Amino acid sequence: MFRTRVHSLAISLDGYAAGEHVSLEEPIGKAGALFSRFDGRVIEGIHRADAPITLDRALTSLWGQGIGAEIMGRRKFGPQSGQWPDDGWRGWWGEDPPFHTPVFVMTHHPRPPMDFANGTSFHFVDGTPAEVLALAREAAADGDVRLGGGPSTIRQFLEADLVDFLHLAVVPVVLGAGVSLWEGLVGVEDRFTVESLPSPSGLTHQLWNRVRAT
């Protein structure tokens, strides 16, 4: 069964999942507190970390399971805006991005794809959420599509009712400003069942599964 999935999206108590302004120095703006408890060692599997198997790590390890393609917004790929500069930028991750799948970057300025030796490829496409999801779904073959963020991109897919699953990690901080996941989405929770799991680390994990017609 194909799913469009969101994994390990850190969000503040007041609903912000990124800062307002992205720069080389601040890849998620002034929202670094959201990642104070994130352990990226386990995104490719719990076996990757020589550490106890905690609730946080176990849920984070679902990030790559069964994923055949990713969709992300332009600000997740880099800090540039407008026409792409000729600056050699290949993403925040250097020559070893963690995706290992086709990645579709939503932008109003399409450009040729970038390929990496580890199987990651970035495709820069302009289209509606439904159009981009169709491209990603074809590229994913038998896998699911992960929505990698940022929050404004995920919000577009929620508005279009194209999200099947969200794993939100609610961080006990109040940012006061930033990019909201929930802006304009009054009543979205009615389309999902929601389970909440408190963690000893202070995180609260929310698992949103879309209610499917029977």
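Look a little higher up for the structure.
Residues numbered from 1 in each chain as written. Predicted model: local features only at pLDDT ≥ 70, side-chain atom pairs only at ≥ 80, totals over all residues. Heavy atoms only, no water.

An account of the pattern of salt bridges is requested, with residue identities and associated values reported.
Per the counting criterion, the structure on display carries 12 salt bridges. Notably, a salt bridge pairs K30 with E26, separated by 3.3 Å at the nearest N-O pair. Given a relative accessible area of 68%, K30 falls into the exposed group. For E26, a relative accessible area of 29% gives the class partly exposed. Notably, a salt bridge pairs R191 with D161, separated by 3.0 Å at the nearest N-O pair. One end of the pair, R191, is in the loop between β9 (179–180) and β10 (192–198); the other, D161, is in the loop between α4 (151–159) and β8 (165–171), and 30 residues separate them in sequence. In this structure R191 comes out as partly exposed when scored by relative accessible area, which is 27%. Because the salt bridges share partners, they merge into one network encompassing D161, D164, R191, R210 and R212. (Salt bridge = Lys/Arg side-chain N within 4 Å of Asp/Glu carboxyl O. Buried < 20%, exposed > 50% of the residue type's maximum accessible area, 1.4 Å probe, protein only. Helix = DSSP H or I, 4+ residues; strand = E, 2+ residues; numbered from the N terminus.)

Residues and numbers for the side chain of S121, please.
You can see S121 is positioned in strand β6 (residues 121–125). Take S121: its relative accessible area is 10%, and that puts it in the buried class. Reaching out from S121, the side chain makes a polar contact with the side chain of H123 at a distance of 2.9 Å. (Polar contact = N/O pair within 3.5 Å; in protein donor to acceptor, adjacent residues only side chain to side chain.)

Can you break down the environment of L13 residue by residue, with the values?
Relative to the elements of secondary structure, L13 occurs in the loop between β1 (4–12) and β2 (16–18). Here L13 falls in the exposed class, since its relative accessible area comes to 56%. Distance in space between the C-alpha atoms of L13 and P172 is 5.9 Å, their sequence separation being 159 residues. Sequence-distant contacts of L13, that is, excluding residues within four places in its chain, are made with V170, V171, P172, V173 and V174. (Contact = heavy atoms within 4.5 Å.)

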